[in-house]
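Each chain, written out:
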Amino acid sequence: MFVSRKYTVIVPVSLSIALLMAGCNENKASQCQRLIQAVNEGNSLIDKKKGQQVITSVQLSKDLQAVTKSIEDLNLKDPKLQEFQGRFAKVFRNLSQAIAKAAQALGLAKNAEASEVGREKLQKARTEIDTALTAAAKTAGKDSDKLVGDLNKYCRQPE
């Protein structure tokens, strides 16, 4: 009788552990989906908050830092997806830094005095904003477009 009770407990527990382990073993498609979802979150932030206000730019920079962190924390097992993960994180990190730099320059421009020195500060700020954002946006856009295409191509391949 004692042996039968022992197996009554062991079999369901073993089965539960086996199902749990199988459920934890993510396939390529689910890993792709998680990465794509995180990247889409970052892209939608950029589309929604293309503001030129300092507060909006600072917040966008912080939001993109959070997206970068969420991409880095995905814990993907597929080596190729890990490569995509690192490259997307780099794109969002660089864009976040450029936006933060532009926001800082925009803040200086808003506080510029109505004088010759103020105009020089304003011109310097405009140059910094153009340099930081234009170069970063172009690079990030090109890199991101290529990465998205490559990621979609890879994720469509059978396992």
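In this convention, every chain numbers its residues from 1, walking through the sequence in written order. Residue-level local features of this predicted model are given only where pLDDT is at least 70; pairs of side-chain atoms are given and counted only at 80 or more, and the full residue set underlies all totals for whole chains, interfaces and linings. Note that the side-chain values use all heavy atoms of the structure and ignore hydrogens as well as water.

## Regarding the overall build of the chain
Thinking step 1. Secondary structure elements follow DSSP: runs of H or I of four or more residues count as helices, runs of E of two or more count as strands, with numbering from the N terminus. Helix and strand counts for the chain come out as five helices and zero strands.
Thinking step 2. The order of α-helices and β-strands along the chain, N terminus first, is α-α-α-α-α.
Thinking step 3. Residues are treated as being in contact if the distance between any of their heavy atoms lies within 4.5 Å. The contacts of the chain with a sequence gap of at least 6 include a subset with a gap of at least 24, amounting to 73%.
Thinking step 4. Areas reported as accessible are Shrake-Rupley estimates using a 1.4 Å probe. Residue values count occlusion only from the protein chains shown. Carbon and sulfur atoms make up 57% of the accessible area of the chain, which totals about 10,700 Å².

## Focus on the layout of surface pockets
Thinking step 1. Estimates place the volume of the second largest pocket at around 190 Å³.
Thinking step 2. Contributing to the lining of the second largest pocket are Arg87, Lys90, Val91, Asn94, Leu95, Ala136, Thr139, Ala140, Asp143, Lys146 and Leu147.
Thinking step 3. Mapped onto the lining of the second largest pocket, the elements with two or more residues apiece are α4 (79-110) and α5 (116-156).
Thinking step 4. Residues are sorted three ways: Asp, Glu, Lys and Arg are charged, Ala, Val, Leu, Ile, Met, Phe, Trp, Tyr, Cys and Pro are nonpolar, and all the rest, Gly among them, are polar. Its residues assigned to classes, the lining of the second largest pocket shows five nonpolar, two polar and four charged. Using protein atoms alone on a 1 Å grid, points that fit a 1.4 Å probe yet trap it form a cavity, whereas open point sets bounded by protein on both sides within 12 Å along at least five of seven lines form a pocket; residues with an atom within 4 Å of a point count as lining. Grid points are joined across faces, edges and corners, and a volume is the space filled by probe spheres set on the points.

## Details of the environment of Lys28
Thinking step 1. Looking at where Lys28 falls in the secondary structure, it is placed in helix α2 (residues 28-48).
Thinking step 2. The exposure class assigned to Lys28 is buried, which follows from its relative accessible area of 7%.
Thinking step 3. Separated by 53 residues in the primary sequence, Lys28 and Leu81 have C-alpha atoms spaced 8.4 Å apart.
Thinking step 4. Not counting the four nearest positions on each side in its chain, Lys28 is found in contact with Asp78, Leu81, Tyr154, Cys155, Gln157, Pro158 and Glu159. Any residue under 20% of the maximum accessible area for its type is buried, any over 50% is exposed, and the rest in between are partly exposed; the area is computed with a 1.4 Å probe on protein chains only.

## Details of the pattern of salt bridges
Thinking step 1. The salt bridge definition used is simple: a Lys or Arg side-chain nitrogen within 4 Å of an Asp or Glu carboxyl oxygen. Tallied over the entire structure, the rule returns five salt bridges.
Thinking step 2. A salt bridge links Asp73 to Lys69, with the shortest nitrogen-to-oxygen separation between them at 2.8 Å.
Thinking step 3. The class for Asp73 is partly exposed, based on a relative accessible area of 47%.
Thinking step 4. Judged by relative accessible area, Lys69 falls into the partly exposed class, the value being 48%.
Thinking step 5. We note a salt bridge from Arg87 to Glu83, for which the minimum N-O separation is 3.5 Å. Note that Arg87 and Glu83 are positioned in helix α4 at a spacing of four residues, about one turn of the helix.
Thinking step 6. We classify Arg87 as partly exposed; its relative accessible area is 33%.

## Describing the confidence of the model for the chain
Thinking step 1. The predictor rates its confidence in each residue with pLDDT, a number between 0 and 100. The predicted model of the chain has a mean per-residue pLDDT of 77, with 74% of residues at 70 or higher.
Thinking step 2. Of all secondary-structure elements in the chain, the lowest mean pLDDT belongs to helix α1 (residues 2-24), at 44, while α2 reaches the highest, 88.
Thinking step 3. Here residues 1-23 is a poorly scored stretch, pLDDT under 50, and it has one contact once near neighbours within four places are set aside; other chains count.

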